[in-house]
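# Examining the three-dimensional arrangement
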Amino acid sequence: MAKYTVITFAPVQGFIEKSRKLRDLYGSSYLISLLSWVICQRVEKLGYKIISPASTNVTQGMPNQMVIKGKLSPEEIIIIKHTFDEAWKCLVYGCKEWIEKNINQWEYNYWRRDWKLWVNHCWEFFSASGETITQARNNLNQAKNSRDWTGINWRGESSTLSGSDAICQPLLGESYEPHSYDYQGEKKIIREFYKALSEQLGEAFIEPREELSIPELVKRIITHETIINNFFDKIVNFTIVDENEERRLATRKDFMSIADELQPDSFRDLNRHREDSQEQKYWTGWFLGDGDNASKYFKSLAQKAPEIEEKGLKTFSQQMRRWGKNLKKNEYTFLEEKGRMIYAGGDDFLGVLYSSNIGENELSPLVPYDCLRWFYSFKSEVWHGEDPKIITASVGFVWAGNQVPQRDVLQHCHLAESSAKSTGRDRIAFRILFNSGNYLEWVCPWWLLDTGEWIFEVENQSSRVCLPQELKVDLEGLKQDNLNLIESYGDRSKTLLQDGGNWTHFYQDIATLESRHAFNKKVFSQEELTQNNVIVSNDIALSLINIYFGEKWHKIISNPNYWFNRYDDRELLTFTGILGDPKQFISDYTPENYPQLIEHPLVKQALNNWVINLGKIGFYLTDKRQ
């Protein structure tokens, strides 16, 4: 007999990714959490216990997959789906009614059908049961392979954000013949409609030249105080809430917190579309990350008894929910008043570093070196803190030019995070994104940067990732002076970075040597690799490390034992190597061919590239000027 049920809805990633502004991301994250919260409330109302997510009385940071103890009947699933649909309907129609009431220069006779279609066909809803949590999840994945969506057809122009949905405008849905379609007339109405929305809500919410679809418009304006207030008035009428249960439900204050965080005034310093050319624009730092290999951890739990698997999942969920709550609560402490954090849910997070206030109403532009130093303690203090996590985290950081569009910044954040994941996880990828669209990237394991206490603990029972004893001894000597790899840099006069050391010396050497092809080829043909007639040397790159970072770092970086990830028999990460997973160089790698691995030309070239990229990106990251 099935003992567990899993419920989820989709598409979540696609819904979040169609974002142009930070406000869109806030709105997307908020809507996903809100819909998850509604499902949890209905499940508990039916008398079932939710294993994951823990703390179901918090509306923010809720993951979209619910693991429930017990098998829900088809009738109960229908009840839950109905509640989910009603909540979404309430949100969408709340926005529609607000527009019709406040932007009242048009008769909205045609667009009702399109709003109704998005109410009925925006989400796919899935559920499955199983003897164990893993079995229920596997059954859910099978269920998600089935088709449970309906495409919405439309006429006219498409949204400039997604490109695949119709622009929401007063004449949307008007039945007209193709031969009589008035393109210019429709464009004029679109301009007037969004101008009116912008005047009513402010440019922080809608810009006059934007063209959004119905769901894009909903997640944009749901962050407005009036809309959220109206929604709360409606949701208290749902049967999932009653006066006796109010103590364990989110309050109006919880709902309104999103509007407080996104007050238009708080975004003046983040506006990337300033029309006034006289106004100063600044570079900003963006980071996106999440936990590593959570699915592998769940898979390892599946090999144990169902009760232990249930307890392990519950503990994991409680820990991540605590971390998310603490992240929001201590946002300004963690970020040192240098930016703001968006907690998307589960183990996902997004943040922006941009400036700090000094004096009255005066903004001090943040320099890249400030951002770099903030990440020195990210893993030890922000991710682990006093509650070490079971899994590690990978982060993509982008230092973006002041002319780069918001959606390009977000796309590069995703790409940088992917680089951190694909090169081995438990690391950070730094990316400098220029206004031209060109970029530089360097990926680095946390232990080369982190100056926190955690890495020198004897044995962390919560985290499986630990350093080899020999490496701990070497790093402890450096840590006494708070020197990580970057801060150990000394220029040709042996002046340390913190004392004004000039990174240009290293950068110029790299550029000169690279122009003279001193680092060998960057790309090898398959024939060269097959015939094993390629010889690559790391002598020059490692000599540069010795000159500019000292003998201790040369000893560490030149040691092949620290180049590659290590895993236990359950394929869980136990050590993070500089170059990452060995299978990215030899696909059929086994410990028996380790000697072949460390002499492989791709490995040697990867180490050369790592040093080259360090020299180039360090030139920008250590800059102390805006």
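Note: the structure precedes this text.
Summarised in this report is the structure supplied together with it. (Residues numbered from 1 in each chain as written. Predicted model: local features only at pLDDT ≥ 70, side-chain atom pairs only at ≥ 80, totals over all residues. Heavy atoms only, no water.)

Attention now moves to the side chain of H412. Take H412: it is sitting in helix 15 (residues 406–422). In this structure H412 comes out as buried when scored by relative accessible area, which is 11%. Residues contacting H412, with those up to four places away along its chain left out, are V398, R431, L433, G437 and Y439. (Helix = DSSP H or I, 4+ residues; strand = E, 2+ residues; numbered from the N terminus. Buried < 20%, exposed > 50% of the residue type's maximum accessible area, 1.4 Å probe, protein only. Contact = heavy atoms within 4.5 Å.)

Our next topic: the packing of helix 10 (residues 294–302) against helix 11 (residues 306–329). Think of two packed helices as two axes; the pair is described by the angle between the axes and how far apart they sit. Where helix 10 meets helix 11, the axes come as close as 8 Å, and the angle between the chain directions of the two elements is 155°. Relative to helix 11, the element helix 10 lies roughly antiparallel. The two elements helix 10 and helix 11 cross, and the hand of that crossing is right-handed. The segment helix 10 lies against helix 11, with A294, Y297, F298, L301 and A302 engaging E309, G312, L313 and F316. Partitioning the contact of helix 10 with helix 11 into residue classes produces seven nonpolar, one polar and one charged. (Axes fitted to C-alpha atoms, helices over the stretch in contact; angles between N-to-C directions. Parallel < 35°, antiparallel > 145°, perpendicular 65-115°, else oblique. Left-handed = near helix turned anticlockwise from the far one by under 90°. Nonpolar A, V, L, I, M, F, W, Y, C, P; charged D, E, K, R; others polar.)

On any regular strand, side chains alternate: one points to one face of the sheet, the next to the other face. Burial analysis of strand 11 (residues 427–433) places seven of its seven residues in the buried class, which makes it a mostly covered element. Looking at chain direction, strand 10 (residues 393–400) and strand 11 are connected through six bridges and run parallel. Bridged to G396 within strand 11 is A429. Between strand 11 and strand 12 (residues 439–445), which follow one another and run antiparallel, lie five residues, and G437 among them has a positive phi close to 100°. (Pairing = 2+ DSSP bridges.)

Further remarks concern the nonpolar core. If you look at the biggest cluster of nonpolar residues, it comprises 92 residues, and the most contacted ones within it are F287, F375, F397, F430, W447, F506 and F549. Element by element, the count of residues in this core is highest for helix 22 (residues 601–621), at nine residues. In this structure, F506 is in contact with Y489, L544, Y548, F549, V611, L614 and G615, ignoring residues within four places of it in sequence. By size, the runner-up hydrophobic cluster in this structure holds 68 residues, among which are W123, L212, V218 and I221. (Core = buried A, V, L, I, M, F, W, Y, C linked by side-chain atoms within 4.5 Å.)

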